[in-house]
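Overview (structure and organization)
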Amino acid sequence: VLAPVPLDEAGARVLIGRLKAAAIFGRYRELPPADIDALADLMVRLSQFSADHADEIVSIDLNPVIVHEEGEGVSVVDALIVKRDAQSAERRGAAE
């Protein structure tokens, strides 16, 4: 699911609920519920970071993000932030 940034907590929770696999975040089979609070917090913080640095960043990829059981947080296993190069930033500024 996609949404404009920045997100607030309510917006992050709506997006989480729209995921095809959203059901696995609750009690799923014998697994405890996932830490949705931590996931929503990560989404809010990441969206604020990306909004604050929109002129400098082309893309951000966190893959995978492991959502632990409730109260245990999240782990970002790998992250890639692609910065805009100086020339493309100058061209973008001239076009605006």
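Above this text sits the structure in question.
Residues numbered from 1 in each chain as written. Predicted model: local features only at pLDDT ≥ 70, side-chain atom pairs only at ≥ 80, totals over all residues. Heavy atoms only, no water.

1. Observations regarding the side chain of Ser 47
- Looking at the secondary structure, you find Ser 47 in helix H2 (residues 36–52).
- By relative accessible area, which is 5% here, Ser 47 ends up buried.
- A distance of 2.9 Å separates a polar atom in the side chain of Ser 47 from the backbone oxygen of Val 44.
- With sequence-adjacent residues up to four places away left out, Ser 47 is seen in contact with Val 5, Pro 6 and Leu 7. (Helix = DSSP H or I, 4+ residues; strand = E, 2+ residues; numbered from the N terminus. Buried < 20%, exposed > 50% of the residue type's maximum accessible area, 1.4 Å probe, protein only. Polar contact = N/O pair within 3.5 Å; in protein donor to acceptor, adjacent residues only side chain to side chain. Contact = heavy atoms within 4.5 Å.)

2. Overview of the pattern of salt bridges
- Taken as a whole and judged by the stated rule, the model has 3 salt bridges.
- The shortest N-O distance in the salt bridge between Arg 13 and Asp 37 comes to 2.2 Å. Of the two residues, Arg 13 sits in helix H1 (residues 9–18) while Asp 37 sits in helix H2, which places them 24 residues apart along the sequence.
- Under the relative-accessibility criterion, Arg 13 is labelled partly exposed at 31%.
- Among the salt bridges present, the one from Asp 41 reaches Arg 45, with a minimum N-O distance of 2.8 Å. Linking Asp 41 with Arg 45, this pair stays in helix H2, spanning 4 residues, or about one helical turn.
- Counted as one network, the salt bridges with shared partners bring together Glu 9, Arg 13 and Asp 37. (Salt bridge = Lys/Arg side-chain N within 4 Å of Asp/Glu carboxyl O.)

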